[in-house]
Amino acid sequence: MGRRSFGGRRRPLHFREKKKFSPKEKGFDVCKLVNNAAPAIKTKEYNTLNSFDDFALDSRLKRNVAAKGYKKPTPIQDQAIPHALRGNDIVGAANTGTGKTAAFLLPMLHKVLNDRSQRVLILAPTRELALQIEEEFNAFANDLGIRSVLCIGGTNMLAQIRKLKKHHNFIIGTPGRIKDLFQRRLLHLESFRNVILDEVDRMLDMGFIHDIKYLLAQLPEKRHSLFFSATISREIEELIRTFLQDPLKISVVERETAPNVQQDVIRIRPDQNRVDVIKDLLQKDEFRKVLVFGRTKRGVDRLYKALFQKGFKVDSIHGDKTQSRRQRALRDFRENKIRILVATDVAARGLDIDDVSHVINFDMPNTHDDYIHRIGRTGRGDKMGIALTFVDEK
Ligand code: AMP
């Protein structure tokens, strides 16, 4: 395995156009997939201005924040919460792991506590991310008598419809299901004067642009909008210009890749079989908790079966699995009941799982952004992680 460090200065992630791996790059430019991990340091020190006590948040919310164990605001929370409380539109350039969820949930919950007629629509790209937002919502809304309805595909629509008929202030969901419910007149978007778009770049990657524009157009013209995205492409700028009012822009995207992720390639010789190579790797003790990425649903299924037959504690997630099976796989992975999770990019988006020791790109990702996103599932917080990418040796 050769090692070369990432060279040169790069423009921050959110200013760059999305980059596709060309076939040439896939074969040749593998040095970009190799670096040595630096110690777990932050690239840019940020001095937090506020404590949670400083925010003009309802004391019951502060109590719930403390109960969740949050001691001080993260940079995005520090910068976004005061402005969101003042009613400003915000564009936050922030990726998963920055604490963006609390940055939008807390001011919105405060608003609803002061005015129970307020309703908040939260759009997320994937069911998993919507579930994570709901989980955080439940912690912050504990004992406040504020209800949310989760509207995601792959789950029982009738149960969602029943909940929609009861009083609720928040809807958390994915664009497809929300549009479906709206078109069946089960959801009245004209009463939602607050909207959050989470991981806008992912939503656009997944082809939700028309659904998003459609849904935003149904909301009242005078509304409060908060958009979050790891990257701000031209298409997103356009969306911002069309739908937001003089938004405040906050950026906490600090670096392209976590310095505490060691990246390397595994070269597969023509006489080697990738499945045999991965089996050998996974036998090793240091591969404690491993997320393996495959490109297609069928490829993920095949690899899962091969590993399962070999006796590994493994499960898989992709878009064709039922929601309950996806949730079960994630829960088992989170709780260390399985050691290996094989996933497609879409299914693994926005996942916040502690302690993943290795990410293995069994198949090369389609885009540079996907690569960054995949390897960011390890080396979280102060921990070190390893990302390995399988590359065919010519
Ligand atoms: P997010 O970027 O919103 O997905 O948050 C990433 C992780 O950070 C989640 O596990 C949150 O529970 C956690 N988190 C968010 N804000 C704070 C905070 N102020 N202090 C400690 N942990 C936090």
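Each value, and the rule that gives it
Residues numbered from 1 in each chain as written. Predicted model: local features only at pLDDT ≥ 70, side-chain atom pairs only at ≥ 80, totals over all residues. Heavy atoms only, no water. Pairing = 2+ DSSP bridges. Helix = DSSP H or I, 4+ residues; strand = E, 2+ residues; numbered from the N terminus. Axes fitted to C-alpha atoms, helices over the stretch in contact; angles between N-to-C directions. Contact = heavy atoms within 4.5 Å. Near = heavy atom within 4 Å. Polar contact = N/O pair within 3.5 Å; in protein donor to acceptor, adjacent residues only side chain to side chain. Areas by Shrake-Rupley, 256 points an atom, 1.4 Å probe, with all protein chains shown as cover. Nonpolar A, V, L, I, M, F, W, Y, C, P; charged D, E, K, R; others polar.

Before going further, it helps to examine the sheet that holds strand β3 (residues 148-151). Judged by pairing direction, the sheet is parallel, and its seven strands sit side by side in the order β3-β4-β2-β5-β6-β1-β7 without closing on themselves. Of all the strands in the sheet, the pair left with one neighbour each is β3 and β7 (248-251). Looking at each pair of strands side by side, their axes are set apart by 10 degrees on average, direction ignored. By the bridge criterion, four bridges tie β3 to strand β4 (residues 170-173) in an arrangement that is parallel. What sits directly across from C151, in β4, is G173. Where helix α5 (residues 127-140) meets the sheet, its contacts fall on β2 (120-123), β3 and β4, and the angle it forms with β4 comes to roughly 150 degrees. Together, β3 and β4 form the strand contacts of helix α6 (residues 157-165), whose direction differs from that of β3 by roughly 155 degrees.

All right, on to the site of the ligand then. For the ligand, the set of nearby residues contains 13 residues, the closest of which are Y70, Q77, G97, G99 and T101. Here K72 contributes a backbone N or O atom positioned 2.9 Å from a nitrogen atom of the ligand. Within the side chain of T101, an N or O atom sits 2.5 Å from an oxygen atom of the ligand. The protein chains hide 76% of the 490 Å² of surface that the ligand would expose on its own. When its residues are assigned to classes, the shell around the ligand shows two nonpolar, seven polar and four charged.

Tracing the sequence through the fold places A230 in the loop between β6 (224-229) and α10 (234-243). Put simply, A230 and V252 are 22 residues apart on the chain and 8.9 Å apart in space, counted from C-alpha to C-alpha.

This brings us to the sheet that holds strand β10 (residues 314-317). Spatially, the six strands line up as an open sheet ordered β8-β13-β12-β9-β11-β10, and their pairing is parallel. With one partner strand each, in any of the chains shown, β8 (261-268) and β10 form the two edges of the open sheet. Each adjacent strand pair in this sheet contributes to an overall mean axis angle of 20 degrees, direction not counted. Where strand β9 (residues 290-293) meets strand β11 (residues 340-343), four bridges bridge the pair, whose relative direction is parallel. Each bridged residue has a counterpart across the sheet, and for L291 the counterpart in β11 is L341. Relative to β10, helix α12 (residues 297-309) is tilted by about 170 degrees, and along the sheet it contacts β9, β10 and β11.

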